[in-house]
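Understanding the architecture of this molecule
If you want the building blocks of each chain, they are given just below.
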Amino acid sequence: MKNYILFGLLIVILTSCATQHSIVDKRIIFDDVRKNLSLEYLESHYNLVQKEPVIIPKMIVLHWTVIPTFEKSFETFNPSRLPGRPDLKAASALNVSSQFTVDRDGTIYRLLPETTMARHVIGLNHCAIGIENVGGSDALPLTKAQEKANIWLVNYLAEKYSIDYLIGHYEYTNFEGHELWLEQDEGYRTKKTDPGEHFMNVVRKATRHLNFKPIPVK
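Residues numbered from 1 in each chain as written. Predicted model: local features only at pLDDT ≥ 70, side-chain atom pairs only at ≥ 80, totals over all residues. Heavy atoms only, no water.

Time to look at the nonpolar core. Counting residues in hydrophobic clusters, the biggest one holds 57 residues, and the most contacted among them are Met 59, Leu 124, Ile 131 and Ile 167. For this core, the element with the most residues is helix α5 (residues 144-160), which contributes six residues. Discounting residues that sit within four places of it in the chain, Ile 131 has contacts with Ile 60, Val 61, Leu 62, His 63, Phe 100, Val 102, Asn 150, Leu 153, Val 154 and Leu 157. (Core = buried A, V, L, I, M, F, W, Y, C linked by side-chain atoms within 4.5 Å. Buried < 20%, exposed > 50% of the residue type's maximum accessible area, 1.4 Å probe, protein only. Helix = DSSP H or I, 4+ residues; strand = E, 2+ residues; numbered from the N terminus. Contact = heavy atoms within 4.5 Å.)

If you want it as structure tokens, here you go:
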């Protein structure tokens, strides 16, 4: 009898943990400027000519912003045109963004519709949903709350879409030569370390039941 009671309590705890997160819609600007820049990006970088900047999600990419607050992160992503960043502006005037941003307390914000293209990972934006995490510097490491929120969000997205891969931003170049890699500009690469190997290991371990495909080995 005691074992049944303990099992019941475990189910209650797991169910509570699974439902404790929700998504807050807080949309960045998506005007005609951003739409047209997104369509230009799809054509020039991926040779994809589309009427709408939509994607078929096959991948989830985890990031960190290094920016210390959600408010400042949102301000960075909100403009349609890229402010500063000459290393990126040479490739496109489209501002960087992601579909989701997770605050340090675990609050999940949806900045764009999940199937609208965001500029967050070279070579793979046409098939990737991005999850940015506020912080990530040595002084402001990502939090346990963010780990839990990312785990919940990955599960949520994998239930809605045929997601094949879960990767950290630092792993994106492993896909060069893969069928999903469509980047046309051979000189357009940036070195990334986000969201850190520890964060990825935690999220991967908790979502291994989703049976994502292994990342290509370079």
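Moving on, we come to the pattern of salt bridges. According to the stated counting rule, one finds 11 salt bridges in the structure shown. Among the ionic pairs, Glu 147 bridges to Lys 144, the shortest N-O distance being 3.9 Å. A residue pair is termed a helical-turn pair when its members lie 3 or 4 positions apart in one helix, as Glu 147 and Lys 144 do in helix α5 at three residues. A relative accessible area of 8% means that Glu 147 is categorised as buried. Asp 164 serves as the salt-bridge partner of Lys 213, at 4.0 Å between the closest nitrogen and oxygen. Of the two residues, Lys 213 is situated in the segment after α6 (197-206) and Asp 164 in the loop between α5 and β6 (165-168); the sequence distance between them amounts to 49 residues. (Salt bridge = Lys/Arg side-chain N within 4 Å of Asp/Glu carboxyl O.)

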